[in-house]
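Summary of structural features
The lines below spell out each chain.
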Amino acid sequence: MTTVIPFGPQHPVLPEPVSLKLELDNDVVVGALPSLGYVHRGLEKFIDTKDYNQTTYICERICGICSALHGITYTKAVEKLFDVEVPERAEYIRVIVGELNRVHSHLLWLGLFADGFGFESLFYECWKYREPVLDVLERICGNRVIHSISRVGGVSKDLTKEQIDMILKMLDTVESQVKDLEKVFVNNYTVKKRTVGLATMSKQLAYEAGTVGPTLRGSGVSSDLRESADWDIYRDLGFKPVVEKDGDCYSRTLVRVKELYESIKIIRNAISKLPNGDIATPIKGFPTGEAIMRTEQPRGEVVYYVKGNGTKNLERLKIRTPTFANIPSLLLTLPGVKLADVPIVVLTIDPCISCTER
Amino acid sequence: MGMLNLVLTNVTHKPATRLYPFEIRAPFKEFKGRIAFAPENCILCGLCQKKCPPDAITVTKADKTWEINLFRCIMCTECVAGCPKNCLSVSNERVKTGAKETVKVLVPVVDKPKADKAAPSKAASSK
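Throughout, residues of each chain are indexed from 1 in the direction in which the sequence is written. Chains carry letters from A onward and ligands carry numbers from 1 onward, assigned in written order. Whole-chain, interface and lining totals are the exception, using all residues; otherwise, since this is a predicted model, local features are given only for residues with pLDDT of at least 70 and side-chain atom pairs are given and counted only at 80 or more.

Residues and elements named next belong to chain A. Extensive coverage of helix H2 (residues 52-60) is indicated by the burial of eight of its nine residues. Three or more residues of H2 are buried, namely Tyr52, Gln54, Thr55, Thr56, Tyr57, Ile58, Cys59 and Glu60. The inward-facing, buried residues of H2 contact helix H1 (43-46), helix H3 (67-82), strand E4 (150-151) and strand E8 (314-320). Here a residue counts as buried when 20 or more other C-beta atoms sit within 10 Å of its C-beta, as exposed when there are 12 or fewer, and as partly exposed otherwise, the C-beta atoms being derived from the backbone. Runs of H or I in DSSP of at least four residues are treated as helices and runs of E of at least two as strands, each being numbered from the N terminus. Contact between two residues is assigned whenever their backbone-derived C-beta positions fall within 7 Å.

Another point: the packing of H3 of chain A against helix H4 (residues 88-116) of chain A. Lines fitted to the C-alpha atoms define the axes, with helices restricted to the stretch that makes contact. Angles between their N-to-C directions range from 0 to 180 degrees. Interaxial distance between H3 of chain A and H4 of chain A falls to 8 Å at its minimum, and their mutual angle equals 145°. Of H4 of chain A, the residues touching H3 of chain A (which contributes Ala68, Leu69 and Ile72 of chain A) are Arg94, Val97, Gly98 and Asn101 of chain A.

Moving on, we come to the interface of chain B and chain A. Opposite the 13 residues of chain B that make contact, chain A presents 14 residues. Classifying every residue of the side of chain B that touches chain A gives ten nonpolar, one polar and two charged. Classification used: nonpolar for Ala, Val, Leu, Ile, Met, Phe, Trp, Tyr, Cys and Pro, charged for Asp, Glu, Lys and Arg, polar for all others including Gly.

What follows is about the sheet that holds strand E5 (residues 102-106) of chain B. All names here are of chain B. An order of E2-E3-E5 is seen for the three strands of this open sheet, with the pairing classed as antiparallel. What marks the edges here is a single partner per strand, and that holds for strand E2 (57-60) and E5. Here the average twist between neighbouring strands, direction ignored, is 15°. Here the rule is simple: two strands pair whenever DSSP picks up at least two bridges between them. In this sheet, E5 lies alongside strand E3 (residues 65-69) in antiparallel orientation, the contact comprising five bridges. Residue Glu67 lies in a different strand from E5, and its bridge partner there is Lys104.

Residue and element names in this part refer to chain B. Considering every residue of chain B, the mean pLDDT works out to 77; 81% of them sit at 70 or more. At the level of individual helices and strands, chain B shows its lowest average pLDDT in helix H4 (residues 112-126), which scores 44, and its highest in strand E4 (residues 88-91), which scores 88. A low-confidence stretch, residues 113-127 (pLDDT under 50), is modelled with one contact involving residues beyond four sequence positions or located in other chains. The complex model carries a pTM of 0.86, and its ipTM stands at 0.75. The predictor attaches a confidence to each residue, called pLDDT, with possible values from 0 through 100.

Here we take up the sheet that holds strand E2 (residues 19-25) of chain A. Residues and elements named next belong to chain A. Read from one edge to the other, the open sheet built from three strands follows the order E1-E2-E3, with strand pairing classed as antiparallel. The open sheet is flanked by strand E1 (3-7) and strand E3 (28-35), the only strands paired with a single partner. The average angle at which neighbouring strand axes cross in this sheet is 25°, direction not considered. Pairing of E2 with E3 involves seven bridges; the strand directions are antiparallel. Residue pairing for E3: Lys21 is matched across the bridge by Leu33.

This is the structure in structure tokens:
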């Protein structure tokens, strides 16, 4: 006989409300049923009242952690409607802010993950190392979390020489700190004991479940939109996707740790290649037609669909966020997992519920 | 990062956090704290009100006032970029919780010659 117990919507490991109804046989999960909708804000409809420039700020507020990349993806989608070339310098600044965003998001996740299996000191260390990244973002963009740097047609703030030096200095310290963290996440007995072989997802299953981002790359599929998609600037920056083969919680963690180095490398390359020139092109008129834009967020692929009808308001905005694509894989990997390990498995997809429900 | 090493560094170093209400970090000079308004050059055109995403700014031509709701303002700086007379700027002063919610500024004068020009054109159009 099975027992059904609720996991969430309020749970100590979950920063956001998601509810899973877990079907248990003794203490082993045999099935899971998600229920979403606790933080639905209706943002896709809300854009009816705002013009296409103002919508940028609504899109940034979809998620507090990957806000920069939400704004950048939206502005790039609208630029496709206008068919304008954005100055190269603006694109490089977007990459720098986007990757700094990824560094702080991954450090945040590593901390939450350590907290998920009760490794409090590692949690504090990760968040301590994240703080300088946020300070640098505040000094570049003016805000800690919601950066508001990307606008339709370019970026709103330029990088000064002083700020570039500051970024490079911060990257040096963060890189050495990440090396310290990597030792713990790779070698520590406690971390390995709780994560190795847990909720294994084969390459085939990960692909068929439509998984995206580090969850997919942890299963051995080399799929990173920074390498392949519409935003081709990453090709000049020497980017290589991080792939791990095992498909368990441990390899998903390793993907995120190694992506920190990759992001740091991209920021350094982008700074060394930063071209001079304008940071924005003026945009006239109203958008018409449809466009799709995809970028790689810290959690995976985000898809923006925009449709303009020649007025200042967009007719339709549709967003598919990475967590939405990752929830099926979570439900497929949960059966066979012990109840005590469920928080860890839920955390390894890096759930961002506010993103998913918009 | 050995555990013993970590414990020793944490014992011998200052804490990484601050005792917030008693010890406040000075804001960075790039920090977007609040919108500062210099009313001298304002022509009450209302562009800032039109551009503001959260509708925090209200410009009333009849009363000659410019008003901002600091709690609604999201510091996107669209108004600063859009002001034709450069009356608006970003200040790094923090808006404290519990501060006065709205700031209303009386704009001194609207240029007289412009008002004169506007009057005949209105008369011409009505004819």
